[in-house]
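Structure assessment
Each chain, letter by letter, is given below.
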Amino acid sequence: MTIDHVPFLDLRRQHSQLREELDATIGAVLDKADFVKGAAVGRFEDHFAEYQAAQHCIAVGNGTDALEIAIEALDLPPGSEIIVPANSFIATSEAVTRTGHSVIFADVDDTYTLNPESVESFITDRTAAVVGVHLYGQPSDLASLKSLCLRHDLRLIEDAAQAHGAEFQGKRVGALGDVGTFSFFPGKNLGAIGDAGAIVTNDSDLAKRCRRIADHGRVSKYDHDIEGRNSRMDTIQAAVLDAKLPHLDGWLQTRRDTAAQYRRLLIDEFPGAGDAPFAEWRKLCAPGELKLGRVSASVLHSYHLFVVRVSSRGAVQKQLREAGIASGVHYPSLLPRLSAYEDHPQSAQAFACSAWPDELLSLPIGDHMTQQMTDRVVEVLAETATVR
Ligand SMILES: *Cc1c(COP(=O)(O)O)cnc(C)c1O
């Protein structure tokens, strides 16, 4: 039987498998009515800190707030420059600007994460921090970024919104720099049933400042040290996340198995897809060509997304769609090219990755994928290569 439907993700399936457990845990919050700062929040913070091998976890409203609060808590000089990758979701750069700093875009390499040489070239005497985004679930080159930050006295922030459970040199990401942030947006590898996020760090003073900022600058009920804000994770979200966390490793294993199968089959179908040197890799795809990114030997990828580059992406997506296969584009525009950055000095800057947004293609991946589904996606991709 041919597979005629491959969804991009399937949360209803995931939740129906856990439905009794989720109903019970949500019911317990309703019974207790501890909707804000309830018992499940502290429980999840402890469990998630342990999972990410961090000393502290602060549960907040969402992943964007997590970044903003983490940057604010670092107490950088106002108007500092903070370097972020040119290819990311806008939350990364938004958080820099909204905390009163200047966002500087650096290039990415064939791992789709920050190119440390490019970062170094953008450092000025106003640079105060670097945000390494572990894009698609692949950790940034934290060894190079850390040594560069040490040399230039910069803080290192990990945007790990897509990288729950990912590892760099055998260690879970998040608390490997100064501070790390996570998102539990429903579609992330570990998703809530609404918005939720978290900050992790091994710095106890920084953890205290984050917690205070996220809760109105509160010392005690009506004693406020500073003006903070209101960004606390709902108890219901914490309860759901705590129920889902024990399943995360199994889901990640399915993602990694699917990715291994994709890579193997795609390299068979598109010779040379897997191992071009960066100088070759950065060139545009030739007609019919498909390029895989590089997975660094230092990482354990968490495959939030499985992203390839293809020529004539529109035609490929159409053919996938006609075969019932969902796909995505992450992201259709480099951050500095968005209208939001029209007046940014780097809005027209050339990057190695400048042309990639026209070629990026995200294939279905997640705990819903079967080997037959993965086979079918590659089969259809192979057919599109001949018509392009
Ligand atoms: C999802 C995401 C965020 C923001 O998380 P929200 O919970 O949606 O606010 C930040 N950075 C990256 C890289 C993301 O993918």
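Residues numbered from 1 in each chain as written. Predicted model: local features only at pLDDT ≥ 70, side-chain atom pairs only at ≥ 80, totals over all residues. Heavy atoms only, no water.

Quick notes on the packing of aromatic side chains
A ring pair, where both rings are aromatic, is described by two values, the distance of the centres and the angle of the planes. How we decide: Note on ring pairs: Phe, Tyr and Trp rings are taken, using the six-membered ring of Trp, and paired if centres are within 6.5 Å. Classes follow the plane angle, with under 30 degrees stacked, over 60 edge-to-face and the rest tilted. Only runs of H or I of at least four residues qualify as helices and only runs of E of at least two qualify as strands under DSSP, and these elements are numbered from the N terminus.
Inspection of the entire model under this criterion finds 13 aromatic pairs. Centre to centre, the rings of Phe-89 and Tyr-331 are 6.1 Å apart; their planes meet at 35°, and the pair counts as tilted. Here Phe-89, found in the loop between β2 (81-85) and α5 (91-98), pairs with Tyr-331, found in the loop between α12 (313-322) and β15 (360-363); they are 242 residues apart in sequence, far enough to count as distant. Three or more aromatic residues joined by ring pairs form one cluster here, namely Phe-44, Phe-48, Tyr-51, Phe-182 and Phe-184.

Looking at the pairing of strand β3 (residues 102-106)
Note the threshold: Categorising residues by exposure relies on relative accessible area from a 1.4 Å probe, with only protein chains included: less than 20% of the type maximum marks a residue as buried, more than 50% marks it as exposed, and the intermediate range marks it as partly exposed. Being paired, for any two strands, means DSSP has found at least two bridges between them. Handedness is read with the strands pointing away from the viewer; a crossover is right-handed when the path from the first strand over the helix to the second is clockwise.
Of all five residues that make up β3, four are buried, and the element is covered over most of its length. In this structure, β2 lies alongside β3, joined through five bridges in parallel fashion. Bridge pairing in β3 places Ile-82 opposite Val-103. After leaving β2, the chain enters α5 and then returns to the sheet as β3, a path that is right-handed.

Things to note about helix α2 (residues 19-32)
Since the α-helix turns once every 3.6 residues, residues separated by three or four places project in the same direction. Here is the rule we go by: Helix span, as expected, comes to 1.5 Å for every residue beyond the first. Regarding the arc, it is the one traced by the directions from the helix axis to the C-beta atoms. Every residue pair with non-hydrogen atoms within 4.5 Å of one another is taken to be in contact.
Across its 14 residues, α2 extends 20 Å between first and last C-alpha, which sits within 8% of the 20 Å expected from 1.5 Å per residue. Listed in full, the buried residues belonging to α2 are Leu-22, Thr-25 and Val-29. The buried side chains of α2 occupy one side of the element, clustering within an arc of 70° when seen end-on. Summarising the geometry of α2, the exposed residues directed more than 90 degrees from the buried face are Arg-19, Glu-20, Ala-24, Leu-30 and Asp-31. Where α2 is buried, its residues touch α1 (11-17) and α9 (235-244). A positive phi of about 55° marks Ala-33, the residue just after α2.

Brief notes about the sheet that holds strand β6 (residues 167-168)
Reading across from one edge, β7-β6-β13 is the order of the three strands in this open sheet, with antiparallel pairing throughout. Strands with a single pairing partner mark the edges of an open sheet, and in this sheet they are β7 (171-172) and β13 (299-300). Taken together, the two bridges between β6 and β7 define a ladder with antiparallel strand orientation. Within β7, the residue paired with Phe-168 across the bridge is Lys-171.

Things to note about the site of the ligand
Selection rule: Any residue with a heavy atom lying within 4 Å of a molecule or strand is counted as near it. Pairs of N or O atoms within 3.5 Å make up the polar contacts considered here, provided that, within protein, one atom can donate a hydrogen while the other can accept it, and that residues adjacent in sequence are counted only when both atoms are side-chain atoms. Note that accessible areas follow from Shrake-Rupley with a 1.4 Å probe, and for residues the cover is restricted to the protein chains shown. Only protein atoms enter the 1 Å grid used here. Points where a 1.4 Å probe fits but cannot escape make up a cavity, open sets with protein on both sides within 12 Å along at least five of seven lines make up a pocket, and a residue lines them when an atom lies within 4 Å of a point. Whether a molecule sits in a cavity or pocket is decided by its atoms, more than half of which must lie within 2 Å of the grid points.
Residues in close proximity to the ligand total 13 residues, the closest being Gly-63, Thr-64, Gln-162, Ser-183 and Lys-188. Contacts to the ligand include Gly-63, whose backbone N or O atom sits 2.7 Å from an oxygen atom. Side-chain polar atom of Asp-159 to a nitrogen atom of the ligand: 2.8 Å apart, as the coordinates give it. In the complex, 92% of the free accessible area of the ligand, which totals 380 Å², lies under the protein chains. When each cavity is represented as a set of grid points, the ligand is found to reside in the largest pocket.

Examining unusual backbone geometry
The step from His-330 to Tyr-331 runs through a cis peptide bond, and the omega angle for that step is 10°. Residues other than glycine seldom take positive phi values, yet Ala-33 does so here, at roughly 55°. For Ala-33, the location among the structural elements is in the loop between α2 and α3 (39-51). Non-glycine residue His-216 carries a positive phi angle of around 60°. For His-216, the location among the structural elements is in the loop between α8 (204-214) and β10 (218-220). Overall, the relative accessible area of 30% leaves His-216 in the partly exposed class.

Some words on empty space enclosed by the protein
Under the convention used in this document: Grid points are joined across faces, edges and corners, and a volume is the space filled by probe spheres set on the points. Residues are grouped as follows: Ala, Val, Leu, Ile, Met, Phe, Trp, Tyr, Cys and Pro are nonpolar; Asp, Glu, Lys and Arg are charged; every other residue, Gly included, is polar.
Using the criterion set out here, one finds two cavities of 30 Å³ or more in the structure. Looking at the largest cavity, its volume works out to about 120 Å³. What lines the largest cavity is a set of 15 residues, and nearest its centre among them are Tyr-112, Val-295, His-301, Tyr-303 and Val-307. Its residues assigned to classes, the lining of the largest cavity shows nine nonpolar, four polar and two charged. If you go around the second largest cavity, the residues you meet are Leu-9, Asp-10, Leu-11, Gln-14, Pro-186, Gly-187, Lys-188, Asn-189, Arg-255, Gly-366, Asp-367 and His-368. Tallied by class, residues from the lining of the second largest cavity come to three nonpolar, five polar and four charged.

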